Amino acid sequence: MKKTLYILLCLSVSISLISCSGKDSKVSSSSIENNNTVAGSNVTKQDDSNLNSGGKNSQSVSASETKEADAKTIDDKTKNADTKVDSNANANTSKVNDKTPNQQVQNTKPETPKAPVTKNNEVIVLDPGHANKSNLDKEPLSPGSKEMKIKDGGGAQGVITRTPEYQVNMNVAVKLKELLESKGYTVVMTKTQNSQSLGNVERADIWNKVNAALVVRIHADSAEGASVRGASMLVPAAINDNTKAIYSDSKKYGQIVLSSLIKAVGMPNRGVVERNDMTGFNWSKVPVILVEMGFLSNKEEDKLLSSNDYQDKLAKGLADGICAAIK
Ligand SMILES: [Zn+2]
């Protein structure tokens with residue numbers, strides 16, 4: 001009897017040893033994945049610098065045909081001359097995953113397994129532009145600036161449908177919020193009612209406080225010429241301590257999201273435009289972009305922008321772009 005018991009005991013110990021070694025091998029493969037992730041983010045940083053140098057080839061564009069999305073100073077019609085279109089938009093942004101860092105795979109030293117990175121840590125702020133009434137109060141153009149600018153001069157209106165811009169902006173923002181939440185992001189809206197009339201400093205306070213990974217300001221455009229059409233992406237110029245810190249990421253994200261939007265809706269691409277005169281940009285401490293989804297002053301684009309189906313497409317294109325930018 002004693003001998004049988006001894007054999008059974010030995011068998012049980014060896015089974016338990018086999019089971020532990022199985023766990024060890026799981027830890028190793030998980031640490032390899034983590035190493036790959038770190039290497040991938042190094043590659044992203046290198047591509048950043050490529051994008052910056054690409055920006056030097058930007059060509060000037062007249063902004064006089066584009067009505068400002070942000071509130072305008074009344075006598076400020078000439079300050080946009082320094083806006084630029086990055087003709088190299090979207091270059092180099094898709095190659096991040098092409099490089100295989102083989103040397104990292106050899107480092108199989110066991111590490112404490114880390115919790116999987118989820119998108120739940122990333123807060124995306126959506127900022128639907130304009131309210132159903134203008135707000136002519138003024139606020140400083142940037143921190144410490146003596147130049148005051150109107151909070152909300154009111155948005156555009158569809159030339160055929162008469163749809164107000166704030167309605168298009170809010171509709172797309174609500175659809176985009178749902179899509180992003182379904183992909184695991186935390187989404188904060190600066191406003192949920194068209195009657196809420198916020199200044200740009202107030203909006204920036206909201207996204208600075210939640211330390212957003214990305215702020216997407218949602219607008220539709222308007223121009224004097226009825227034939228002007230297409231989508232563009234406005235990003236901050238590096239003009240103060242805030243914008244110098246967010247310039248590079250904002251531009252990179254702007255290029256990625258605009259590229260995705262154009263692919264989704266097939267609209268003419270008007271490029272990424274750096275702006276130094278947008279109060280909401282100048283007060284932002286986190287990456288921020290402003291999409292102009294098309295022209296309500298153009299008959300065809302007005303009809304598209306005002307339709308539910310097209311708004312779905314816009315939201316999908318923006319969501320895919322945000323996912324590609326904020327992984
Ligand atoms: Zn607008």
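Remember, predicted model here, so these are calculated numbers, not experimental data. (Residues numbered from 1 in each chain as written. Predicted model: local features only at pLDDT ≥ 70, side-chain atom pairs only at ≥ 80, totals over all residues.)

Some remarks on the overall build of the protein chain
Stage number 1. Helix and strand counts for the protein chain stand at 8 helices and 10 strands.
Stage number 2. Across the 327 residues in the protein chain, those meeting the buried criterion constitute 40%.
Stage number 3. Taking the intrachain contacts of the protein chain between residues at least 6 apart in sequence as the baseline, contacts between residues at least 24 apart amount to 85%. (Helix = DSSP H or I, 4+ residues; strand = E, 2+ residues; numbered from the N terminus. Buried ≥ 20, exposed ≤ 12 C-beta atoms within 10 Å, placed from the backbone. Contact = placed C-beta atoms within 7 Å.)

Examining the nonpolar core
Stage number 1. Core analysis: the biggest nonpolar cluster contains 58 residues, and Ile124, Leu214, Val216, Val257, Val291, Leu318 and Ile322 have the highest contact counts within it.
Stage number 2. In terms of residue count, helix H5 (residues 241–265) provides more of this core than any other element does, 8 residues in total.
Stage number 3. Residues within four places of Ile124 in sequence aside, it is in contact with Leu180, Tyr185, Val187, Ala212, Ala213, Leu214, Val216, Ile322 and Ile326. (Core = buried A, V, L, I, M, F, W, Y, C linked by C-beta atoms within 7 Å.)

Focus: the pairing of strand S9 (residues 269–275)
Stage number 1. Burial analysis of S9 places 6 of its 7 residues in the buried class, the great majority of the element.
Stage number 2. With 5 bridges connecting them, strand S8 (residues 231–236) and S9 associate as parallel partners. Of the residues in S9, the one forming a bridge with Pro236 is Arg275.
Stage number 3. The parallel pair S8 and S9 is bridged by H5, and the resulting crossover is right-handed. (Pairing = 2+ DSSP bridges. Right-handed = clockwise from strand over helix to strand, strands pointing away.)

Remarks on the environment of Asp205
Stage number 1. Looking at the element boundaries, Asp205 is found in helix H4 (residues 200–209).
Stage number 2. Considered as a pair, Asp205 and Lys285 are 80 residues apart in the sequence and their alpha carbons are 9.2 Å apart.

Re the pairing of strand S7 (residues 214–221)
The two faces of the sheet receive side chains in turn, since in a regular strand these alternate between them.
Stage number 1. Among the 8 residues in S7, 8 count as buried, and that is most of the element.
Stage number 2. Across 5 bridges, the pairing between strand S3 (residues 123–128) and S7 is parallel. By the bridge assignment for S7, Pro128 is matched with Ile218.
Stage number 3. With 6 bridges joining them, S7 and strand S10 (residues 288–295) adopt parallel strand pairing. Among the inter-strand pairings, Val215 is bridged to a residue of S10, identified as Val288.

Some thoughts on the packing of H5 against helix H8 (residues 308–325)
Stage number 1. Relative to each other, H5 and H8 sit at 145°, their axes nearing to 8 Å. You can see that H5 and H8 cross each other, and the crossing is right-handed. Contacts between H5 and H8 pair Tyr253, Ile256, Val257, Ser259, Ser260, Leu261, Lys263, Ala264 and Val265 from the former with Lys313, Leu314, Lys316, Gly317, Leu318, Asp320, Gly321, Ile322, Ala324 and Ala325 from the latter.
Stage number 2. Of the residues contributing to the contact of H5 with H8, the split by class is 11 nonpolar, 4 polar and 4 charged. (Axes fitted to C-alpha atoms, helices over the stretch in contact; angles between N-to-C directions. Left-handed = near helix turned anticlockwise from the far one by under 90°. Nonpolar A, V, L, I, M, F, W, Y, C, P; charged D, E, K, R; others polar.)

Comments concerning the environment of Asn276
Stage number 1. By the secondary structure assignment, Asn276 is in the loop between S9 and helix H6 (279–282).
Stage number 2. Under the C-beta neighbour-count criterion, Asn276 is labelled partly exposed, with 18 such atoms within 10 Å.
Stage number 3. Residues Asn276 and Leu234, 42 residues apart in the sequence, show an inter-C-alpha distance of 10.0 Å.

Side note on unusual backbone geometry
Stage number 1. Positive phi values are uncommon outside glycine, yet His130 reaches one of about 70°.
Stage number 2. Its identity is not glycine, yet Arg162 carries a phi of approximately 65°, on the positive side.

Focus: the environment of Asn121
Stage number 1. Tracing the chain through its elements places Asn121 in the loop between helix H2 (102–105) and S3.
Stage number 2. Distance from Asn121 to Tyr185, taken between C-alpha atoms, is 7.4 Å for residues 64 residues apart in sequence.

Quick word on H5
Stage number 1. When the terminal C-alpha atoms of H5 are compared, their 36 Å separation across 25 residues agrees well with the 36 Å that a helix rising 1.5 Å per residue should span.
Stage number 2. At Tyr247, H5 shows its maximal kink, close to 50°. (Expected span 1.5 Å × (residues − 1). Bend = angle between axes of the 7 residues up to and from the residue.)

Some details on H8
Stage number 1. With 18 residues, H8 should cover 26 Å at 1.5 Å per step; its first-to-last C-alpha distance of 26 Å lies within 8% of that length.
Stage number 2. Those residues of H8 that sit buried are Gln311, Leu314, Ala315, Gly317, Leu318, Ala319, Gly321, Ile322 and Ala325.
Stage number 3. Where H8 is buried, its residues meet S3, helix H3 (165–182), S7, H5 and S10.

A short note on the packing of H3 against H8
Stage number 1. Two numbers describe how H3 lies on H8: the axes approach to 9 Å, and their chain directions differ by 45°. Taken together, the axis directions place H3 and H8 in an arrangement best described as oblique. Along this stretch, H3 crosses H8, giving a crossing that reads as right-handed. Contacts from Asn171, Val172, Lys175, Leu176, Leu179 and Leu180 in H3 reach Gln311, Asp312, Leu314, Ala315, Lys316, Leu318, Ala319 and Ile322 in H8.
Stage number 2. Counted by class, the contact of H3 with H8 contains 9 nonpolar, 2 polar and 3 charged residues. (Parallel < 35°, antiparallel > 145°, perpendicular 65-115°, else oblique.)

With respect to the confidence of the model for the protein chain
Stage number 1. Looking at the protein chain as a whole, the pLDDT averages 75, with 63% of positions reaching at least 70.
Stage number 2. In the predicted structure, residues 113–118 sits below a pLDDT of 50 and forms 4 contacts with residues beyond four places in sequence or in another chain. (pLDDT = per-residue confidence, 0-100.)

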